[in-house]
Every structure is written in C-alpha cells, then in structure tokens.
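# Results of the structural survey
What follows is each chain in one-letter form.
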Amino acid sequence: MTNYHPDNEVLLEFSAGTVSSHFALCVSVHLKYCKQCRETVARMQALGGVLFEELPSTPVSDGLFDRILDRVEHYGDRQVESEAEPLSLLKGWLPDGLKNLSWRKQWFKLSEVVLEVPKSGNWRLALQRISAGGIAPLHGHHGREVTVVLQGGFSDESGVYNEGDFIICDGENKHRPQAFRNEDCICLTFLEAPVSLEGPVGRWIERFKGLFGTKEPLTS
Amino acid sequence: MLNSKVSVVVPIKSDMEHSPPPPKASGQSADTIASLIEAIAVHRDRTAFKNLYHDFGPKIKSYAVKQGMIETAEELVQEVMVNIWRRAQQFDRSKAGGSTWIFAITRNARIDLLRKLNRISNETQVETDYLWSLPGTDDPTTAFQQALTAKQIRQSLDTLPIEQRDVIAKVYLEDKSHQRVADELSLPLGTVKSRVRLALQKLKVIFQEQLA
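Notes on the structure in this doc start here. (Residues numbered from 1 in each chain as written. Chains lettered and ligands numbered in written order. Predicted model: local features only at pLDDT ≥ 70, side-chain atom pairs only at ≥ 80, totals over all residues. Heavy atoms only, no water.)

A separate point is the nonpolar core. In this structure, A:Leu47, A:Leu127 and A:Leu188 are the most contacted members of the largest nonpolar core, which totals 106 residues. At 9 residues, the largest contribution of residues to this core is made by helix α6 (residues 98-116) of chain B. When residues of this core are assigned to domains, at least three map to each of domain 1 (8-88) and domain 2 (104-209) of chain A. For A:Leu127, the contacting residues outside a window of four places in its chain are A:Leu94, A:Leu98, A:Leu101, A:Trp103, A:Ser111, A:Glu112, A:Val113, A:Leu115, A:Leu150, A:Cys187 and A:Leu188. (Core = buried A, V, L, I, M, F, W, Y, C linked by side-chain atoms within 4.5 Å. Buried < 20%, exposed > 50% of the residue type's maximum accessible area, 1.4 Å probe, protein only. Helix = DSSP H or I, 4+ residues; strand = E, 2+ residues; numbered from the N terminus. Domains from an automatic or database assignment. Contact = heavy atoms within 4.5 Å.)

Okay, here's the thing in structure tokens:
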C-alpha cells in the first residue's frame, strides 16, 4: 500500500502525454503498485476520450485512406502485453530483477547502478541503494529528482516512504534519506539535473565532482 | 466536403462476403464505436475500418494541428489508424470505452512519432506502449467500468463553466503545461491550477479525499 503518490497535476500531464519519457517511466512504475492512481488515470483517459470526440473535424486528403489500407496489408496484429509486476518495465536493464547487479559505491552506505545517461545533458536514470540503516549524504537539487521505492523503504525530514511510493524533490528541498534498519532500500531515481551535496564535507566534495559518480550506463 | 466523402465509401468485396454488415459510425454512440473496433478485430472488416476513419480521421488531424504537428498531421492520422487495425484485438469494451481507447492510441502514436522524429531528445529505451499502457490492458484485477465513466463525464462536461472547460481542454489536448495556459490566458498560474482542479472534481475524475 503506497502513501505517496504523484499529484493530480502530474497524473493529468501523464495522461495527456506531455511528460518526458523518463518521467513517464517513473509514473508508470508507481502505477504498477498503486490501484488508486491507476483508477484516477483511467478516469482522466476517459475524460481525454470525451474531449477528443468533441474535437472539430479537419478535412483529410483524398488518397489518405487508401495509403492506410496499403499499409495494413503488410502488418499483422500487434499485442503489447503489459505485466502487473512492477519491475517488468525495467526488465531491459534488470533481467534478474534486483539480483546480480553491479553496484558502484558512491558514499559510505550508498551505491548506484546507472541505467541511462544522455550523450549530452545532465539527466540521469539510476537505481540507488542505501544499505539497511544507512544514511545518504545531505543533498539539494538543481532540478527535479523523481524517486520510486522498489524495495524496503527510507525516511527523511519530510516523511517515511515504503515500497511503491512516488516522491518528487526539487530545488527547494534538501534532504538526508535514511534506509529502514531491517532491509536495504532500493529506489528508481530520475534526476533532471545533478544533485548538489550540502554540509561542510559535501561542499568540499562538490569541488571534486570528477571523483563522484559514473557516466557509464549499465549495459545488459 | 466531408459528407460527400462519406457517400463514396466502397466496401471491399472480399471482406463483405465474410462479415456481417458493419455498424454505421454516424451516430457515434459509445456502443457504435466499440462495435466498429470489434468488427475490425474479429472480421478484419474494412468497411467498419473505413467508417471509423471517416469519424475519427478528421478529429485525429485536428488533434495533431492543436498539438503543433501541422506538417505531420496526416502522418499521425495514418499511424493511429494502422495502430487501431493492429491492436483492435486487445480492445475490450468492458474495460474501456471506444473513444477512450482511440484517444489513448492517438496520444501514444503522437508521442512515438515525436520520439522517432527526434524532436524529443534524450529518450529512454522503454517503448511508448509500455510507458503509457492502453486502457484496459494494464489492470486485469480492477473491474473498472470505464465506459460508464465516460458517459457520466460526457453528461457533466456540459454543466462546467466555460472557463473551466477551456482550461481543461487546453491542458489536455493542446500539449500545454499549466504555466503556458496561464501565460496565454493572462491568468495567474494558481488560477489555472484551481480551475483545472475544480473541473476535475466536478467531472468526478478526482475526489475530495485525493486533494491532500
């Protein structure tokens, strides 16, 4: 049972298809855990259908339907089977689920598996793991940080988060997440821009960014 | 112009021999749309496909134009119709209304086209149809009557104040962020957000207890 959800504005933009594909991935992973949000999205899509039906008609070219018929001749059915298992969306990177991953240590109790980074730009899609009872460094955000808890849970200054919870942090929040004591906490995180470490040690490390993190995505 | 096109619908013989007469799309009732999709799924009924095209092709084009895809509008119409054909077998009227399903196909085709055209850079490797699963395919355990919901929404949409209706249509169909709608209408962002929220509540898309 999840307690932290995307807000309605986020769900609406997701339903309308106006969020980025990485952001949509995080929302979709949460939806696998959360029946309440699935139902909200279903109602929002129904609204989309009603608004869509009410659109005016714009005339289409004469030969268009024939071109469509030509194309369907060459195609069979397309079945997209969506699985209920939350990690199914990540299986391109995680064939064995959360087992057998090459974790790279980032901080004392914090490690990471990079899933995708851009050729140019700063965003980062990764799994992050805080060992049981461990504390991640205090950090702030230059852009939005989207987190979905995949295993275990953590707490920070603003709340306690369990499996399936969806959390957005932005420039206004600085936080120091701590994993529950009984289990490693693993999260999917999408960073729109790098985090900034805070505190005396963190700021010192910020000056040596090259030592921190990796730019190599996981290939599998 | 459009009416004259409807009159030149020529059924393809080979299909007509094997299929029952397809429902007419002109009434546009939810049941009719669902029946047309089912006729495509079960009988590969090209007349049903053409009827659906006559109803929805021009709407898909309007949607594309509103989304700013002026040059690729008819490409989108093609993609959507091909996807309707290919995915019709996954349509289930007990789980989703016909227009809801076509809207979702259209939305996904738009996203996919933009991803392919590289106008959205920095993509994830996960395919669009998995990121945005079609209604009814993502939740086998929820017996959610979406077709019924669409009917209720359609009825209460007419009771919305015009300013709420405008804002919700812009956010939903014109690929505009709340901020951009606010700029366009010269309204504070908070006003746009509260209009959207009020509209969603009145349409019973969201409920009071979810507003925390």
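The subject of this paragraph is the pattern of salt bridges. In this structure the tally under the stated criterion is 23 salt bridges over all chains. Across the pair B:Lys193 and A:Glu9 runs a salt bridge, and its minimum N-O distance is 3.3 Å. Separated into two different chains, B:Lys193 in helix α11 (residues 189-202) and A:Glu9 in helix α1 (residues 8-16) make up a pair that spans both. Taking the relative accessible area as the measure of exposure, B:Lys193 reaches 29% and is therefore partly exposed. (Salt bridge = Lys/Arg side-chain N within 4 Å of Asp/Glu carboxyl O.)

All names here are of chain B. With respect to the helices, strands and loops of the structure, Leu-134 is situated in the loop between α7 (128-131) and α8 (146-157). Separated by 71 residues in the primary sequence, Leu-134 and Val-205 have C-alpha atoms spaced 18 Å apart. Not counting chain neighbours up to four residues away, the residues in contact with Leu-134 comprise Arg-87, Trp-101, Ala-104, Ile-105 and Asn-108.

Below, the discussion takes up the packing of aromatic side chains. Within a pair of aromatic rings, the relevant descriptors are the distance that separates the centres and the angle that separates the planes. Under the counting rule described, the total for this entry stands at 14 aromatic pairs over all chains. Geometrically, the ring pair formed by A:Phe14 and B:Trp132 is stacked, given 5.7 Å between the ring centres and 15 degrees between the ring planes. Taken as a pair, A:Phe14 in helix α1 and B:Trp132 in the loop between α7 and α8 lie in two separate chains rather than in one. For the pair A:Phe14 and B:Trp132, one class covers both residues: buried. A centroid spacing of 5.6 Å and a plane angle of 55 degrees characterise the contact between B:Phe103 and B:Tyr172, whose relative ring orientation is tilted. Taken together, the residues span a long stretch of sequence, with B:Phe103 in helix α6 and B:Tyr172 in helix α9 (residues 162-173) at a distance of 69 residues. B:Tyr172 carries the same exposure label as B:Phe103, and that label is buried. Counting every residue linked through ring pairs, the aromatic cluster contains A:Phe52, B:Phe56, B:Tyr63, B:Phe103 and B:Tyr172. (Phe/Tyr/Trp six-rings, centres within 6.5 Å; stacked < 30°, edge-to-face > 60°.)

This is a description of form; function is not addressed.
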